[in-house]
Amino acid sequence: MNIVWSDWLTVMWQFASMSVFAVGGAIALIPEFHRFFIDEHAWLSESQFSSGIALAQASPGPNALMLAMMGWNFGMNATPEGYSHYLFAVMGFVLCLLCALTPSCILTFTATRWVQKNSEKQGVIAFKQGLAAVVIGSMLVSSWVIVRGDFVLAHNWQIWLIASATVILVWATNIHILWLLAVGAVIGATGVLGSF
Amino acid sequence: MEQNISPTQARPESLGELYWALTGLALQGFGGVFPVARRVLVEERKWFTPQGFLEEWAVAQVMPGPNIVNLSVMFGARFFGPMGSFVAVAGIFSMPALLLILVAVFFEQFRDYPAISGALHGMGAVSAGLIAGTSLKMASSLKSHPLTFWGAISFTVCTFILMAVFKFPLIPVLLVMGSGSVFLTYLKIKHRPPSKDRP
């Protein structure tokens, strides 16, 4: 992969500018980063993208760490000849996380007082409830791009089966997320999903 | 903000206590930290009253950025100003980030083994299901939406189609669908008196 230094700035700018659009949190941004990293620039592979998200979910902490994993894999792919992959991966991880957090944190810090004072105003309520409907749509696209991107629908019905079964289990039960991920990992490890 | 704190209300005594409390709760949170945050901050530490927590959470949701990050910023600022915000955000991210890096290094070492790469794909499929399941649960809360369930869900569906099928980027979709939805919601609730017991 041919990544030059200025591409780091492009990536950091992408994270920083998307930060203030993360109305529904990090998950709602996944489709946008999928479009950016894979469709537009081809800087990450589909499997790096989805496994980064999976690892972030399997590990404790805020969902925003999924975005940091994109930086991790970008750094991995951007490592110049002769340098440690991990050094650049960590650099990508940290830089992307900082860029993703800083603008929205500053905005929150400065605007909180205003929102607290006006939280009963119809405009603020309409903003929150109106956007909720759109944000849920964007979150559904997130799971769509993870499954669709990585696998060819016709040849990997098993993937769709696992994803659909998970949806039903999340919907109907309170099974801990780690159990579901562990079962997925075991099924995948047996090789029934095919080789990649 | 200070006026919300009653004199008897418990509070973090130092930046260090704030940091470790948030680190502790972040390390217990899988697939999002919100349920743990509520338990630790309200029930265990008693730094929030239940009502106070819901109010802060409602504000955190309106702000752009991950809700739990916004909550940390607001929570840290309430007790220690800008430094408190910084320490709170560092608290929820530093240890989980370190742990995730270790996990990622581990998987990177063994990525070439078919069993490991297969396991990652299996987990990817589960992740997708987890996100969709969570979104659908959220969608059921649209039942009490001012635009009615079907009105709100049609914005959800249009957003999905625009982004998944037509591959529109997020920002234009958010601007067009979002402002449409917010505007219609506003028209609907404009004449309603502000009430405390809204959903």
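Residues numbered from 1 in each chain as written. Chains lettered and ligands numbered in written order. Predicted model: local features only at pLDDT ≥ 70, side-chain atom pairs only at ≥ 80, totals over all residues.

Our next topic: the overall build of chain B. Per the secondary structure count, chain B includes 7 helices and 0 strands. The C-alpha extent of chain B, read off along each of the three principal axes, is 60 × 45 × 25 Å. The proportion of buried residues among the 199 residues of chain B is 44%. (Helix = DSSP H or I, 4+ residues; strand = E, 2+ residues; numbered from the N terminus. Buried ≥ 20, exposed ≤ 12 C-beta atoms within 10 Å, placed from the backbone.)

What follows is about the overall build of chain A. Looking only at helices and strands, chain A features 8 helices and 0 strands. Each helix and strand of chain A, ordered N terminal to C terminal, gives the series α-α-α-α-α-α-α-α. Sequence separation of at least 24 residues holds for 65% of the intrachain contacts in chain A that already meet a minimum separation of 6. (Contact = placed C-beta atoms within 7 Å.)

Take the interface of chain B and chain A next. Contacts between the two partners involve 89 residues from chain B, matched on the other side by 93 residues from chain A. Contributions of two or more residues to the side of chain B that touches chain A are made by α1 (15–28), α3 (50–62), α4 (67–109), α5 (114–140), α6 (149–165) and α7 (170–189) of chain B. The element contributing the most residues to the side of chain B that touches chain A is α5(B), with 25 residues. Here the residues of the side of chain B that touches chain A sort into 60 nonpolar, 25 polar and 4 charged. (Nonpolar A, V, L, I, M, F, W, Y, C, P; charged D, E, K, R; others polar.)

For the rest of this paragraph, the subject is the confidence of the model for chain A. One rule of thumb: low pLDDT means the predicted coordinates there are not for detailed reading. The predicted model of chain A averages 88 in pLDDT, with 94% of residues at 70 or higher. When mean pLDDT is taken per element in chain A, helix α4 (residues 65–78) of chain A scores highest with 96 and helix α6 (residues 122–150) of chain A scores lowest with 84. (pLDDT = per-residue confidence, 0-100.)

The next thing to look at is the packing of α1(B) against helix α2 (residues 34–44) of chain B. A pair of packed helices can be characterised by two numbers: the angle between their axes and the separation between those axes. Residue and element names in this part refer to chain B. Orientation of α1 relative to α2, taken along the N-to-C sense of each, is 140°, at an axis distance of 8 Å. For α1 against α2, the interelement crossing comes out right-handed. In this structure, α1 uses Ala21, Gly24, Leu25 and Gln28 to contact α2, whose residues at the interface are Val36, Ala37 and Val40. (Axes fitted to C-alpha atoms, helices over the stretch in contact; angles between N-to-C directions. Left-handed = near helix turned anticlockwise from the far one by under 90°.)

A separate point is unusual backbone geometry. Despite not being glycine, Ala42(A) has its phi angle at roughly 55°, a positive value. Of note, Ala42(A) is situated in the loop between α2 (30–40) and α3 (46–58).

Residue and element names in this part refer to chain A. Its location among the elements puts Ile125 in helix α6. What makes Ile125 buried here is the crowd of 23 C-beta atoms within 10 Å. Residues Ile125 and Pro60 lie 65 residues apart in sequence; the distance between their C-alpha atoms is 31 Å.

All names here are of chain A. Taken domain by domain, chain A holds domain 1 (5–150) and domain 2 (152–196). For the side of domain 1 that touches domain 2, the element with the highest residue contribution is α3, accounting for 3 residues. Each residue belonging to the side of domain 1 that touches domain 2 can be placed in one class, and the counts come to 2 nonpolar, 2 polar and no charged. (Domains from an automatic or database assignment.)

This part takes up the nonpolar core. The biggest cluster of nonpolar side chains holds 125 residues, and the ones touching the most others in it are Leu29(A), Leu67(A), Ala68(A), Met69(A), Cys96(A) and Leu97(A). The element best represented in this core is α4(B), accounting for 17 residues. Split by domain, this core shows at least three residues from each of two domains, domain 1 (5–150) and domain 2 (152–196) of chain A. The contacts of Leu29(A), once residues within four sequence positions are left out, are Met18(A), Ala22(A), Leu67(A) and Leu170(B). (Core = buried A, V, L, I, M, F, W, Y, C linked by C-beta atoms within 7 Å.)

Let's shift gears to the environment of Ala60(B). Residues and elements named next belong to chain B. Relative to the helices and strands, Ala60 is located in helix α3. Assessed through the 23 C-beta atoms surrounding it within 10 Å, Ala60 is described here as buried. Considering only alpha carbons, one finds Ala60 and Val73, 13 residues apart in sequence, at a separation of 9.1 Å. The residues touching Ala60, leaving out its near neighbours within four places in the chain, are Asn67, Asn70, Leu71 and Met74.

Quick look at α2(A) now. Among the residues of α2(A), those classed as buried are Ile30(A), Pro31(A), Glu32(A), Phe33(A), His34(A), Phe36(A) and Phe37(A). Immediately downstream of α2(A), the backbone of Ala42(A) shows phi near 55°, a positive value.

All names here are of chain B. Close contact between α3 and α4 brings their axes to 8 Å; oriented N to C, the two are set at 120°. As judged from the angle between their axes, α3 and α4 are oblique. Crossing of α3 over α4 shows right-handed handedness. Facing Glu56, Trp57, Val59, Ala60 and Gln61 of α3, the residues of α4 in contact are Asn67, Asn70, Leu71 and Met74. Across the contact of α3 with α4, the residue classes tally to 5 nonpolar, 3 polar and 1 charged. (Parallel < 35°, antiparallel > 145°, perpendicular 65-115°, else oblique.)

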